[in-house]
Amino acid sequence: MKIRSVEVSVFTYPTRRVSDSAGHSHPGEESQAKMAMLTITTDEGDCGYSFAPPEVVRPHVVNAFFRKVLIGQNPFDRERLWQDLVHWQRGSAHQLTERALSFVEQALWDLIGRKLKMPVHKLLGGFREKVPAYGSTMCGDELKGGLSTPDEFGQFAEKLVARGYQAIKLHTWMPPVAFAPDPKMDIKACAAVREAVGPDIELMLDGYHWYSRSQALTIGKALEKLNFAWFEEPMEEESMASYAWLAENLAIDVIGPESLGGKHHSRADWVKAGACDILRAGANGVGGISPCMKVASLAEAFGMDCEVHGNGAASLAVVGAIRNCRWYERGLLHPFLEYDEPAAYLNSIVDPMDEQGFVHLSDRPGLGEDINFDYIETHTVSRD
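Now for a quick tour of the structure. (Residues numbered from 1 in each chain as written. Predicted model: local features only at pLDDT ≥ 70, side-chain atom pairs only at ≥ 80, totals over all residues. Heavy atoms only, no water.)

1. Examining the side chain of glutamate 237
And step 1. Examined against the element boundaries, glutamate 237 turns out to sit in the loop between β7 (230–232) and α8 (240–249).
And step 2. Among buried charged residues, glutamate 237 stands out as having no salt bridge; its nearest opposite-charge side chain is arginine 267, 5.7 Å away.
And step 3. Polar side-chain contacts of glutamate 237 include one of 2.9 Å to the backbone nitrogen of serine 259.
And step 4. Apart from residues no more than four positions distant in its own chain, glutamate 237 is found in contact with Tyr243, Pro257, Glu258, Ser259, Leu260 and Trp270. (Helix = DSSP H or I, 4+ residues; strand = E, 2+ residues; numbered from the N terminus. Buried < 20%, exposed > 50% of the residue type's maximum accessible area, 1.4 Å probe, protein only. Lys, Arg positive; Asp, Glu negative; His and termini not counted. Salt bridge = Lys/Arg side-chain N within 4 Å of Asp/Glu carboxyl O. Polar contact = N/O pair within 3.5 Å; in protein donor to acceptor, adjacent residues only side chain to side chain. Contact = heavy atoms within 4.5 Å.)

2. A word on the pairing of strand β2 (residues 25–42)
Remember that side chains alternate between the two faces of the sheet whenever the strand is regular.
And step 1. Sheet analysis places strand β1 (residues 3–19) next to β2, joined by 15 bridges and oriented antiparallel. Within β2, the residue paired with tyrosine 13 across the bridge is alanine 33.
And step 2. Taking the residues between adjacent antiparallel strands as the criterion, β1 and β2 are bridged by five residues, where glycine 23 takes a positive phi near 90°.
And step 3. Across six bridges, the pairing between β2 and strand β3 (residues 47–52) is antiparallel. The residue of β3 that forms the bridge with threonine 39 is tyrosine 49. (Pairing = 2+ DSSP bridges.)

3. As for the nonpolar core
And step 1. Leu170, Phe228, Phe231, Leu279 and Ile289 are the most contacted members of the largest nonpolar core, which totals 80 residues.
And step 2. Here leucine 170 is in contact with Thr137, Phe153, Ala189, Cys190, Val193, Met204, Leu205, Asp206 and Phe228, once residues within four sequence places are set aside.
And step 3. In terms of nonpolar packing, the next biggest core, distinct from the first, is built from 28 residues, Val61, Phe66, Val69 and Ala100 among them. (Core = buried A, V, L, I, M, F, W, Y, C linked by side-chain atoms within 4.5 Å.)

4. Regarding α8
And step 1. Regarding α8, the residues found buried are Ser242, Tyr243, Ala244, Leu246 and Ala247.
And step 2. Looking at the buried positions of α8, the neighbouring elements they touch are α7 (213–225), β7, β8 (253–256) and α9 (263–273).

5. Describing a nonpolar patch on the surface
And step 1. Side chains of Phe76, Leu116 and Met118 sit close together on the surface and give an oily, nonpolar patch of about 240 Å² of accessible area.
And step 2. Along the polypeptide, phenylalanine 76 turns up in the loop between α1 (59–70) and α2 (78–89).
And step 3. On the basis of relative accessibility, which here comes to 36%, the residue phenylalanine 76 falls in the partly exposed class. (Patch = residues over 30% accessible without salt bridge, like charges linked within 9 Å, V, L, I, M, F, W, Y side chains within 5 Å. Areas by Shrake-Rupley, 256 points an atom, 1.4 Å probe, with all protein chains shown as cover.)

6. What to know about the pairing of strand β6 (residues 202–206)
And step 1. Across the five residues of β6, four count as buried, placing the element largely inside the fold.
And step 2. Summarising the sheet, strand β5 (residues 167–170) and β6 pair through four bridges and their orientation is parallel. Opposite leucine 170, over in β6, you have leucine 205 as the bridge partner.
And step 3. Taken together, β5, helix α6 (residues 183–197) and β6 form a β-α-β motif whose crossover is right-handed.
And step 4. As judged from the three bridges shared by β6 and β7, these two strands associate in the parallel manner. If you follow leucine 205 over to β7, its bridge partner there is phenylalanine 231. (Right-handed = clockwise from strand over helix to strand, strands pointing away.)

Dropping the structure here:
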């Protein structure tokens with residue numbers, strides 16, 4: 001079996017999510033957005049697919065890296081192909097980003113799973129069939145009735161608990177919200193949610209990412225009093241020393257790094273430095289499913305949990321395959337949006353949740369996405 005082609009189709013789909021000037025998602029009027037589908041095809045007719053925003057995988061990336069490395073190769077040599085792509089990141093990391101690397105690596109896993117008629121989470125190890133989800137909110141906003149006040153965060157939290165969530169993570173206010181950042185408002189929102197849901201629901205905070213050490217410490221001490229489970233990315237993650245200082249001075253678990261590059265290598269440095277209590281990695285952000293699994297194994301070797309960042313098929317596959325992850329991140333959620341409605345290019349969502357707050361792993365082969373190929377074909381605007 002050899003890879004015959006690597007193609008990207010860009011298509012449009014309707015969405016009610018809009019991005020503010022800083023890139024944070026919020027509800028908005030329905031508009032047309034674009035998505036890219038990567039298709040890897042073998043000479044035996046087997047295919048693997050993955051999805052990413054078009055800006056992640058520009059035509060130059062497909063031609064200069066994906067096709068150069070993959071064409072003519074056996075897709076089952078996935079680790080070698082991934083390592084070859086990593087080699088090309090030297091000097092080209094601004095083009096072949098961690099996100100782009102994740103995009104192509106996920107399609108390889110999907111192809112292998114589809115060929116073997118097995119879900120990827122089983123190929124990775126198959127630790128569980130279901131996982132509890134935490135409801136991960138959108139960032140705070142200035143939309144009346146949305147997430148514009150601490151009380152509105154509390155009201156939404158009550159609805160999430162009624163839906164079945166056993167845990168909730170807040171994303172509080174960030175610029176360009178007029179009053180953000182504001183540690184006092186973050187603390188008020190956290191207090192309002194704790195009051196609304198009571199003592200038994202686990203809570204986490206992922207707020208503004210550029211607080212000073214003293215501001216982060218103030219928020220962290222308040223979260224300890226509110227019995228929050230973890231504190232996520234309150235400072236610039238390039239400063240590992242700041243996180244080591246914060247973890248030393250707080251009893252609450254500090255989790256990270258989330259957005260820092262460097263794959264499993266940088267996370268090994270964080271463990272050695274004592275910069276976190278829980279490791280963080282996502283299949284979309286650290287270069288793919290394989291490096292995410294390496295981070296999880298690293299954490300397990302040090303007796304640590306590894307909480308997988310972000311929703312979606314690839315992250316869910318990793319969660320389904322490892323022991324040391326307590327939660328699946330389901331979101332982003334907002335009072336004005338219905339998460340359980342699939343995007344137009346999917347026939348169903350990949351992470352349906354039951355009334356007890358559990359997401360069940362799919363038994364579909366590959367990554368388990370139920371793709372509406374007819375919709376994508378009809379709405380494709382470019383191919384490369």
